[in-house]
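Report on the structure
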Amino acid sequence: AWNLNCWKTRYSLNYKGLPYKTTWLEYPEVEPILKAAGIAPTSTKPDGSPLYTLPAIVDPNTGAAIAESFVIAEYLDKTYPDKPTLIPAGTKALQKSFISASW
């Protein structure tokens, strides 16, 4: 578990009580596996090529395939509103500011 952002998503899935399967990847496997799953890149590299990052999920219930822990949290709240909330209403800007300040 070399990526702490992956733990955020695992914690989110656990908190919401959603079942999931973990696929452990080596760094060189990230791009080809995310591409094959239909997950869009999260950014671009300095040379302009796409950058694929973890965490990423594929929701078997909806077919959604997404990456980036905050985007995943937003998706989980929207898709599973009957489960505990990850981002309380009215706090998105605060959450984003905290994340930005943490880097």
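Residues numbered from 1 in each chain as written. Predicted model: local features only at pLDDT ≥ 70, side-chain atom pairs only at ≥ 80, totals over all residues. Heavy atoms only, no water.

The protein has the name GST N-terminal domain-containing protein in an unreviewed UniProt entry, where Dendrothele bispora is given as its organism.

1. A few points about helix α3 (residues 69-79)
When we look at burial in α3, the residues that qualify are Ser69, Phe70, Ile72, Ala73, Tyr75, Leu76 and Asp77. Its side-chain oxygen 3.2 Å from the backbone nitrogen of Phe70, Glu68 forms the N-cap of α3. (Buried < 20%, exposed > 50% of the residue type's maximum accessible area, 1.4 Å probe, protein only. Helix = DSSP H or I, 4+ residues; strand = E, 2+ residues; numbered from the N terminus. Polar contact = N/O pair within 3.5 Å; in protein donor to acceptor, adjacent residues only side chain to side chain.)

2. Section: a nonpolar patch on the surface
Together, Leu4, Trp7 and Trp24 make up a nonpolar patch on the protein surface, roughly 410 Å² of accessible area in all. Within the secondary structure, Leu4 is located in helix α1 (residues 4-16). When its relative accessible area of 68% is taken as the criterion, Leu4 is described as exposed. (Patch = residues over 30% accessible without salt bridge, like charges linked within 9 Å, V, L, I, M, F, W, Y side chains within 5 Å. Areas by Shrake-Rupley, 256 points an atom, 1.4 Å probe, with all protein chains shown as cover. Salt bridge = Lys/Arg side-chain N within 4 Å of Asp/Glu carboxyl O.)

3. Describing the layout of surface pockets
Roughly 900 Å³ of volume is contained in the largest pocket. Looking at the largest pocket, it is lined by 31 residues, and the ones nearest its centre are Lys21, Thr22, Thr23, Ala56 and Ile57. Breaking the lining of the largest pocket down by element, the ones donating at least two residues are α1, α2 (30-36) and β3 (56-58). Counting residues per element, the lining of the largest pocket draws most heavily on α1, at five residues. (1 Å grid on protein atoms, 1.4 Å probe; cavity = no way out; pocket = protein on both sides within 12 Å on 5 of 7 lines; lining within 4 Å. Points joined across faces, edges and corners; volume = space filled by probe spheres on them.)

4. Regarding the side chain of Asn3
In this fold, Asn3 is placed in the segment before α1. Judged by relative accessible area, which is 14%, Asn3 ranks as buried. A polar contact of 3.3 Å, which involves the side chain of Asn3, links it to the backbone oxygen of Leu54.

5. Comments concerning unusual backbone geometry
With omega at 10°, the peptide bond leading from Leu54 into Pro55 counts as cis. Here Pro55 shows up in the loop between β2 (50-51) and β3. Positive phi, close to 90°, is recorded for Glu68, a residue that is not glycine. Positionally, Glu68 belongs in the loop between β4 (65-67) and α3.

6. Regarding the packing of aromatic side chains
Counted according to the given criterion, the structure contains one aromatic pair. With a centroid separation of 6.1 Å and an interplanar angle of 10°, the aromatic rings of Tyr11 and Tyr15 are classed as stacked. Within this pair, Tyr11 and its partner Tyr15 are both found in helix α1, separated by four residues, close to a single helical turn. For Tyr11, a relative accessible area of 56% translates into the label exposed. Tyr15 sits in the partly exposed class, given a relative accessible area of 42%. (Phe/Tyr/Trp six-rings, centres within 6.5 Å; stacked < 30°, edge-to-face > 60°.)

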